[in-house]
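Coordinates in review
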Amino acid sequence: MVSLDSDADGIVTLRFAPPYADNDERAYLDALAELGRRQEPFLLLTVFGGGGKLSQAGEREQALWFKRTRAQFGTLCGACAIVRPGATKAMADVFRRLWPFPISLETDEVAARAFLLKHRRAA
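Here's what I pulled together on the structure shown here. Every value quoted in this text rests on a predicted model; they were computed, and no experiment measured them. All residue numbers here refer to positions counted from 1 along the written sequence of the relevant chain. Per-residue local features are limited, in this predicted model, to residues with pLDDT of at least 70; the limit for side-chain atom pairs, both in listing and counting, is 80 or more; totals at the level of whole chains, interfaces and linings are taken over all residues. Just so you know, side-chain values use all the structure's heavy atoms and leave hydrogens and water out.

**Examining the layout of surface pockets**
Using only the protein atoms, space was sampled on a 1 Å grid; points where a 1.4 Å probe fits but cannot get out form cavities, open sets with protein on both sides within 12 Å along at least five of seven lines form pockets, and lining residues are those with an atom within 4 Å of a point. Grid points are joined across faces, edges and corners, and a volume is the space filled by probe spheres set on the points. The computed volume of the largest pocket comes to approximately 670 Å³. What lines the largest pocket is a set of 29 residues, and nearest its centre among them are Tyr 28, Phe 48, Gln 62, Arg 84 and Phe 95. Under the scheme used here, helices are H or I runs from DSSP no shorter than 4 residues and strands are E runs no shorter than 2 residues, and both carry numbers assigned from the N terminus. With six residues, helix 2 (residues 56-76) is the largest single contributor of residues to the lining of the largest pocket. Residues are grouped as follows: Ala, Val, Leu, Ile, Met, Phe, Trp, Tyr, Cys and Pro are nonpolar; Asp, Glu, Lys and Arg are charged; every other residue, Gly included, is polar. Among the residues forming the lining of the largest pocket, the class breakdown is 21 nonpolar, five polar and three charged.

**Considering empty space enclosed by the protein**
A full pass over the atoms with the stated rule returns one cavity of 30 Å³ or more. The wall of the largest cavity is formed by Leu 35, Gly 36, Arg 38, Phe 42, Thr 69, Gln 72, Phe 73 and Leu 76. Among the elements of the structure, helix 1 (24-36) and helix 2 are those that each provide at least two residues to the lining of the largest cavity. The element contributing the most residues to the lining of the largest cavity is helix 2, with four residues. Classifying every residue of the lining of the largest cavity by side-chain character gives four nonpolar, three polar and one charged.

**Considerations on the pattern of salt bridges**
Pairing between side chains of opposite charge can happen when their charged atoms approach one another. Note on definitions: salt bridges are taken to be side-chain nitrogens of Lys or Arg within 4 Å of carboxyl oxygens of Asp or Glu. In the structure shown here, the tally under the stated rule is eight salt bridges. Across the pair Arg 120 and Asp 9 runs a salt bridge whose closest N-O atoms are separated by 3.0 Å. Note that Arg 120 is positioned in the segment after helix 4 (109-118) and Asp 9 in the loop between strand 1 (2-6) and strand 2 (11-16), a separation of 111 residues in sequence. Take Arg 120: its relative accessible area is 44%, and that puts it in the partly exposed class. Partly exposed describes any residue whose relative accessible area lies between the buried limit of under 20% and the exposed limit of over 50%, with all areas from a 1.4 Å probe on protein chains only and scaled to the type maximum. When its relative accessible area of 31% is taken as the criterion, Asp 9 is described as partly exposed. One salt bridge connects Glu 109 with Arg 15, and the closest N-O pair in it is separated by 2.6 Å. Of this pair, Glu 109 sits in helix 4 while Arg 15 sits in strand 2, and the two are 94 residues apart along the sequence. On the basis of relative accessibility, which here comes to 25%, the residue Glu 109 falls in the partly exposed class. On the basis of relative accessibility, which here comes to 22%, the residue Arg 15 falls in the partly exposed class. Through salt bridges that share partners, Arg 26, Asp 30 and Glu 61 make up one connected network.

So this is what it looks like as structure tokens:
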């Protein structure tokens, strides 16, 4: 299941978690495209269940999305918290090299939201 939601705190939550379905890859890539179209500042919470791997074509589309949106995404996103089973410090370090905003790996959504709210921009 893939979903993309925004809340009143300016947190955009991208979920890719069980139960997985055949159309999850397309839904995930469509969610990335929607994120790339955002024009207002936001905080990003990603919640991944550890399954739902992308195909080679999906990985390529994701990489192209990154290249296409990196500058704008880096300007608009104030911070990113990643909730993912098995995530490592090395994984977070890779993301930190790719993105200019603060990134944190968290064990649960409560900790992730607390991290993001510390980086919320003043209105």
